[in-house]
Amino acid sequence: MAHEPPPGISVSVPRLVFGGTLLFADLSCRFAAGAWTCLLGPSGVGKTTLLRLIAGLVEGGRVEADDGRPLAGRIALMAQQDLLLPWLNVLDNSLLGHRLRGEGAGERAKRERRARELLARLGLGHRLSALPAELSGGMRQRVALARTLLEERPVVLMDEPFSALDAISRHRLQDMAAGLLDRHTVLLVTHSPLEALRLGHRILVMGGQPVTLREIAAPPGPPPRPLGDPALLALEAELLEELAASDARMEEAWASAP
Amino acid sequence: MGVRPLITALGLLVCWQLLVWATGAPPYILPGPLAVGRVLLARGDLLLEHALVTATEILLGILIGSLVGAASAILLTAWAPARRWLMPLLVVSQALPVFALAPLLVLWLGYGMASKIAMAVLIIYFPVTAAFFDGLRRTDPGWLELARVMNARPLAVLWRIRLPAALPALGSGLRVAASVAPIGAVVGEWVGSSAGLGYLMLHANARMQVDLVFAALFLLALMALALYFAVDRAARRLVPWQRETLPET
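Keep in mind the model is a prediction, meaning the values are calculated, not measured.

1. Considering the confidence of the model for chain B
And step 1. Of the residues in chain B, 99% reach a pLDDT of 70 or more, and the chain-wide mean stands at 90.
And step 2. Confidence scores differ between elements of chain B, with helix 4 (residues 80-93) of chain B showing the lowest mean pLDDT of 85 and helix 7 (residues 141-149) of chain B the highest of 94.

Quick look at the structure:
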């Protein structure tokens, strides 16, 4: 839905300490343009911090778009909490960004039409005037997805947006997101190896302190990949084992820390 | 709310009347509820006239105090210098007992309504400001970060996120205001006035018309209750998206 070609992003962090631990040292990585990169890793490894760094919410590194233009204003964020405003209805919540930027009333009718269309595609056409409290968790997160898409920004950062949902909602929302964001540069932080294997063009595993990144070959075929694929399931088991071992190592490191 | 609180109140009134009959207390020390009821009927005009004065003082006090309090809280939120320069002063000013200012207010503003309204404003200003400001600065950081990534204008963040999110806190402040404003008005009347329920009580007391004192007290309590429930209702209307989590009684 974005009009401009999405940029790739390169990040370099000389040194970043968060909560007393050295998360990143001489970290540099590149995220491909117009593709989904999934970031996996044990809790506390710094996945969210990396995402927040790119979003400009944390200082301490250099983040550049590879088309040379500034990234500010070209990023949309989707978090684990839906962050819907409880006093706004579904339609108004989905257009929050435009309201907060005070964008002119001239485009208003057009924007609203687009929002209605998108919400209808997401199965919310009949709940446009509902307040968030009247919706299920899955519906709320779909509104958050609509809000993210209506920002019309080429780079989308997602921090475990599906992890608080039940299995069925999660599956549906993953498919919707993969379909609607296929021409965006997407960074998806997730705990779930299966989610990464279903959705990622590229899969990066973060581990260690300070962090190192290791790329894992994504399963063949375009995302969203079918769950029944045996190659995908075999990879999931492998990845899970590796993450569990890494998680245990991190806990040991914390236990032995002064 | 149902009939149960009413039954409790009725029971207490019966106990009161029984106590008066049993002890044979003279009416100029402790009149029974029946005597008070007779005075309420017999001198209704007088009572109503004075009640109207006090009610006006209370309502204007709440209106002005809430507006000024809410505006102060918004100013403190939106403008950092105001926080640095005024906040400490605001807190320290609360060490001053407002009641001690009543004679001064009467001296400056006269025996009329102005000094009582000022008194009510002073007494509710701080609870409203403090509660609303507290709400304004406790906005969910997730919303603020989302707004930042959206390149929101600062004023829009204040107006469309911080302010609505702080309305429940403002509601709490207004409830406190509704329950303390009558105190401010009556204390103002005691210190110096020519009308109002406080004035009436003071004079009736001096003339041993204790039944009239009780009648005025009854009207005052009725007004305070009505005010509290009206404000409580308005405060709930203010935040229709907020669900009550305590079961209905």
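2. Observations regarding the pattern of salt bridges
And step 1. Scanning the entire structure with this criterion turns up 22 salt bridges over all chains.
And step 2. The shortest N-O distance in the salt bridge between D134 of chain B and R138 of chain B comes to 3.2 Å.
And step 3. By relative accessible area, D134 of chain B is classed as partly exposed at 25%.
And step 4. The shortest N-O distance in the salt bridge between R175 of chain B and D232 of chain B comes to 2.4 Å. Of this pair, R175 of chain B sits in helix 8 (residues 154-191) while D232 of chain B sits in helix 10 (residues 210-238), and the two are 57 residues apart along the sequence.
And step 5. The network of salt bridges with shared partners includes R101, E103, R111, E151 and R153 of chain A.

3. Comments concerning the confidence of the model for chain A
And step 1. Per-residue confidence for chain A gives a mean pLDDT of 88, with 98% of residues at or over 70.
And step 2. Ranking the elements of chain A by mean pLDDT puts helix 8 (residues 230-256) of chain A last, at 82, and helix 2 (residues 90-94) of chain A first, at 95.

4. Focus: the packing of aromatic side chains
And step 1. This structure, assessed with the given rule, holds four aromatic pairs over all chains.
And step 2. Residues W87 of chain A and W241 of chain B carry aromatic rings whose centres are separated by 5.3 Å and whose planes lie at 55 degrees to one another, so their mutual orientation is tilted. Taken as a pair, W87 of chain A in the loop between strand 5 (75-78) and helix 2 and W241 of chain B in the segment after helix 10 lie in two separate chains rather than in one. Judged on exposure class, the residue W87 of chain A and its partner W241 of chain B are both buried.
And step 3. Ring geometry for Y228 of chain B and F229 of chain B: centres 5.8 Å apart, planes at 80 degrees, overall edge-to-face.
And step 4. The class for Y228 of chain B is partly exposed, based on a relative accessible area of 31%.
And step 5. In textbook terms, an aromatic cluster arises when at least three aromatic residues are bridged by ring pairs, as seen for W87 of chain A together with W143 and W241 of chain B.

Conventions we followed
- Residues numbered from 1 in each chain as written.
- Chains lettered and ligands numbered in written order.
- Predicted model: local features only at pLDDT ≥ 70, side-chain atom pairs only at ≥ 80, totals over all residues.
- Heavy atoms only, no water.
- pLDDT = per-residue confidence, 0-100.
- Helix = DSSP H or I, 4+ residues; strand = E, 2+ residues; numbered from the N terminus.
- Salt bridge = Lys/Arg side-chain N within 4 Å of Asp/Glu carboxyl O.
- Buried < 20%, exposed > 50% of the residue type's maximum accessible area, 1.4 Å probe, protein only.
- Phe/Tyr/Trp six-rings, centres within 6.5 Å; stacked < 30°, edge-to-face > 60°.

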